[in-house]
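Chains, contacts and geometry: an overview
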Amino acid sequence: MDDNDKWNWSNDEIRRVGYRVVDLISDYLTALPGRPVFRPCPPELIDDFADGPLPRAGEGVDALLDEFASKVAAHPFGNGHPRFFGWVNSPPTIIGVFAEALAAAMNPSCAGGNHAAVYVERQVLGWFKKLIGFPESGSMGLLVSGGSMATLTGLAVARHVKLPDVRKDGMQTLPRRAVAYASAEGHTCIRKALELLGFGSDNIRFIPVDDSLKMRVPQLEEAIRRDREGGNLPVVVAASAGTASTGTIDPLHDIRDVCRRHDVWFHVDAAYGGPAVLTARYKDELSALKDADSLALDPHKWMYVPVEAGLSLVRDGAAMRDAFSLVPPYIRTDGNSAGVLGPPWFSEYGVQQTRGFRALKVWMALKFHGVDGYTASIERDLSLADRLAERVRRSGDLQLVVEPSLSIVCFRYAPAPLRGDEEKLNAINKRLLEAVQLGGTAFLSSTVIRGAFCLRACVINHRTAEEDIDLLVDHIERVAGGLPGVT
Ligand SMILES: *Cc1c(COP(=O)(O)O)cnc(C)c1O
């Protein structure tokens, strides 16, 4: 290939390189389970990345793919491995991997227009509304980068609805202090969004949680009442349908009722837990998702769509448009399926103008696996988490720190001689976590529950088997037993 051809590949060259890429994908995904879960990047490689020169002359595609294989693919964080249990990171469904390439080949901007990608996204939004039981007419949504952006989007609409002049006045001249409510266990993206929206972190009421880490609803109601009496304006409650820390689901029905009684916006962070509405176990507890004023849900978590894919749904689609729309008159459209511009542009409903074709990977994944396939896979993750919890309960030295919720199990190493010495337990569990993470056999992350540092496993992986759970527990027990200073 000479330099001219680099902008203009022949059919043969696209196929030749494409098949090499497919080989790399297949090698990567099939070799993953046999490799250490995580290994830190070697220092020489870190230096190599840091010191590598700006490429002046381009290089050949084969050398480039070789370099990807040896430098990049060889040093993953471990997500996708059957024994990767860290944070809320799932493996990619392979159909989604291919969909990314197909979407990039078309490379449309999904800002709007009368082309198939736009209708694919609208169909995906419609499917999620159905899945959740959200009203189909009048509501609107967007695919965004993830739960954080979906939260920012939903809370921005809340702010606009409750403070109708906010786009003109900002938060500068409010006669009343605008206040938001979340549980102390809520994701940091809620606070981040509220800070960005000008609420100020002093005007977020972090409502305390009960023993199972759920928001205390009477305290929420009391806080709202107090704010109203004090002349403040309660704007929004951000509830969690599965916290990232422990999987805890706030009492959504009760929070919804409080919001309705007090005319406060009801936002639900369902980034992680939302898809569990498909399961028999959680469908009732999560049925209030359909009553949210706005909702965040991450297809890139429990729906195994490759990152990034987040979803924002808003009950009042017109309000969503009013909160963001700022289009020049030449692209404003109210729907024209015969013309160029197509239905109202997505860019009027959110932050981004040029928008990628994220919808294709979500659309293909849903069509390929079907709702039934997803339900079965999520239920399987739940039962693997049950197995892990049961192993921890039966272990003499391990201890559940809170009852598991959804597919997150939080536990710690607490051998009899150390019980009661919280400081020592925290220290030893930190060391244990690091030893496990660096060991390559399994990977988990951590959380802190009422001051107790614990190991945290999130089972969100269609590649994980029962043996992987057993191996995880056996391994932790073995590593813990070998730590100095335990007995
Ligand atoms: C992951 C997560 C978020 C943030 O979403 P991103 O996709 O990381 O932006 C918010 N809330 C919960 C419960 C999450 O699990």
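Now for a look at the structure at hand. Note that the structure is predicted; figures quoted are calculated from it, not measured.

1. Regarding the overall build of the protein chain
Tallying secondary structure elements over the protein chain gives 15 helices and 11 strands in all. In terms of C-alpha radius of gyration, the protein chain reaches 24 Å, essentially the compact-globule figure of 23 Å for 487 residues. Summarising its shape, the C-alpha atoms of the protein chain cover approximately 70 × 65 × 45 Å along the three principal directions. The buried share of the protein chain, taken over its 487 residues, is 51%.

2. Remarks on the nonpolar core
Counting 106 residues, the largest nonpolar core has Leu-252 and Leu-289 as its most contacted members. The greatest single-element share of this core, amounting to eight residues, is contributed by helix H13 (residues 359–394). Among all residues touching Leu-289, those that are not within four sequence positions of it are Ile-132, Phe-134, Ala-241, Leu-252, Val-268, Ala-270, Gly-274, Val-277 and Leu-295. Leu-384, Leu-398, Ala-414 and Ala-442 belong to the second-largest nonpolar core, a separate cluster that totals 31 residues.

3. Description of the packing of aromatic side chains
For any pair of aromatic rings, the description rests on two quantities: the centre-to-centre distance and the angle between the ring planes. Considering all chains together, one arrives at 10 aromatic pairs under this definition. With centroids separated by 5.3 Å and ring planes inclined at 55°, the aromatic side chains of Phe-38 and Phe-77 adopt a geometry described as tilted. Remark: Phe-77 occurs in the loop between helix H3 (61–72) and helix H4 (94–106) and Phe-38 occurs in the loop between helix H1 (11–31) and helix H2 (43–51); sequence separation between them is 39 residues. Residue classification places Phe-38 among the buried residues on the basis of a relative accessible area of 15%. Ring centres 5.6 Å apart and planes at 75° place the aromatic pair Phe-38 and Phe-443 in the edge-to-face group. Linking Phe-38 in the loop between H1 and H2 with Phe-443 in the loop between helix H14 (422–439) and strand S10 (445–449), this pair joins segments that are 405 residues apart in sequence. Phe-443 matches Phe-38 in its accessibility class, with the two residues each being buried. Site record: aromatic cluster; members linked through ring pairs are Phe-38, Phe-77, Phe-84, Trp-87 and Phe-443.

4. Quick notes on the site of the ligand
Around the ligand, 14 residues are found, and the nearest of them are Gly-147, Ser-148, Asp-269, Asp-298 and Lys-301. A distance of 2.7 Å separates an oxygen atom of the ligand from a polar side-chain atom of Ser-148. A distance of 2.6 Å separates a nitrogen atom of the ligand from a polar side-chain atom of Asp-269. Here the ligand, which alone exposes 380 Å², has 85% of that area covered by the protein. For the shell around the ligand, the elements supplying multiple residues, two or more each, are helix H6 (147–162) and helix H11 (299–302).

5. Remarks on the layout of surface pockets
To find leftover empty space, a probe the size of one water molecule is rolled over the atoms. Counted as a void, the largest pocket has a volume near 860 Å³. Along the walls of the largest pocket sit 32 residues, with Asn-79, Ser-90, Pro-92, Pro-306 and Val-307 positioned nearest its centre. For the lining of the largest pocket, the elements supplying multiple residues, two or more each, are H1, H3, H4, H11 and S10. Counted as a void, the second largest pocket has a volume near 310 Å³. Taken together, Gly-18, Val-21, Val-22, Ile-25, Val-97, Phe-98, Ala-101, Leu-102, Ala-104 and Ala-105 make up the lining of the second largest pocket.

6. Considering the sheet that holds strand S7 (residues 310–314)
As a general point, the strands of a sheet are linked pairwise by backbone hydrogen bonds and lie either parallel or antiparallel. Taken in spatial order, the seven strands of this open sheet run S1-S7-S6-S5-S4-S2-S3, and their pairing is mixed. With one partner strand each, in any of the chains shown, strand S1 (140–144) and strand S3 (204–207) form the two edges of the open sheet. For this sheet, the mean inter-axis angle between neighbouring strands, taken without regard to orientation, is 15°. Where strand S2 (residues 178–183) meets S3, four bridges bridge the pair, whose relative direction is parallel. When the sheet's bridge partners are listed, Tyr-181 is paired in S3 with Arg-205. Across the face of the sheet, helix H10 (residues 252–262) comes into contact with strand S4 (233–240) and strand S5 (265–269) while running at roughly 155° to S5.

7. Quick notes on the environment of Arg-281
Following the sequence through the fold, Arg-281 ends up in the loop between S5 and strand S6 (294–297). By relative accessible area, Arg-281 is classed as partly exposed at 44%. Sequence-distant contacts of Arg-281, defined by excluding residues within four places in its chain, comprise Leu-382 and Asp-386. Engagement of the side chain of Arg-281 in a polar contact is seen with the side chain of Asp-386, the distance being 2.7 Å.

8. Concerning empty space enclosed by the protein
Scanning the model with the defined rule gives one cavity of 30 Å³ or more in all. Each pocket or cavity is described by its volume, and for the largest cavity that value is around 50 Å³. What lines the largest cavity is simply Leu-142, Val-144, Met-149, Thr-153, Gly-350, Val-351, Gln-352 and Arg-355. Looking at the lining of the largest cavity, the elements with two or more residues in it are S1 and H6. Per-class residue counts for the lining of the largest cavity are four nonpolar, three polar and one charged.

9. Side note on the side chain of Lys-301
Summarising the element assignment, Lys-301 is placed in helix H11. Sequence-distant contacts of Lys-301, defined by excluding residues within four places in its chain, comprise Val-88, Ser-90, Ala-271, Tyr-272 and Ile-460.

10. Points about the pattern of salt bridges
This structure, assessed with the given rule, holds 34 salt bridges. Arg-226 is the partner of Glu-222 in a salt bridge, and the nearest nitrogen-oxygen pair spans 3.8 Å. You can see Glu-222 and its partner Arg-226 sitting in helix H9 (residues 217–229), four residues apart, about one turn around the helix. Accessibility expressed as a relative area gives 52% for Arg-226, which makes it exposed. A single network of salt bridges, built from pairs that share partners, joins Arg-387, Arg-391, Glu-466, Asp-470, Asp-474 and Glu-477.

Conventions used here
- Residues numbered from 1 in each chain as written.
- Predicted model: local features only at pLDDT ≥ 70, side-chain atom pairs only at ≥ 80, totals over all residues.
- Heavy atoms only, no water.
- Helix = DSSP H or I, 4+ residues; strand = E, 2+ residues; numbered from the N terminus.
- Rg over C-alpha atoms; globule rule 2.2 N^0.38 Å.
- Buried < 20%, exposed > 50% of the residue type's maximum accessible area, 1.4 Å probe, protein only.
- Core = buried A, V, L, I, M, F, W, Y, C linked by side-chain atoms within 4.5 Å.
- Contact = heavy atoms within 4.5 Å.
- Phe/Tyr/Trp six-rings, centres within 6.5 Å; stacked < 30°, edge-to-face > 60°.
- Near = heavy atom within 4 Å.
- Polar contact = N/O pair within 3.5 Å; in protein donor to acceptor, adjacent residues only side chain to side chain.
- Areas by Shrake-Rupley, 256 points an atom, 1.4 Å probe, with all protein chains shown as cover.
- 1 Å grid on protein atoms, 1.4 Å probe; cavity = no way out; pocket = protein on both sides within 12 Å on 5 of 7 lines; lining within 4 Å.
- Points joined across faces, edges and corners; volume = space filled by probe spheres on them.
- Pairing = 2+ DSSP bridges.
- Axes fitted to C-alpha atoms, helices over the stretch in contact; angles between N-to-C directions.
- Nonpolar A, V, L, I, M, F, W, Y, C, P; charged D, E, K, R; others polar.
- Salt bridge = Lys/Arg side-chain N within 4 Å of Asp/Glu carboxyl O.

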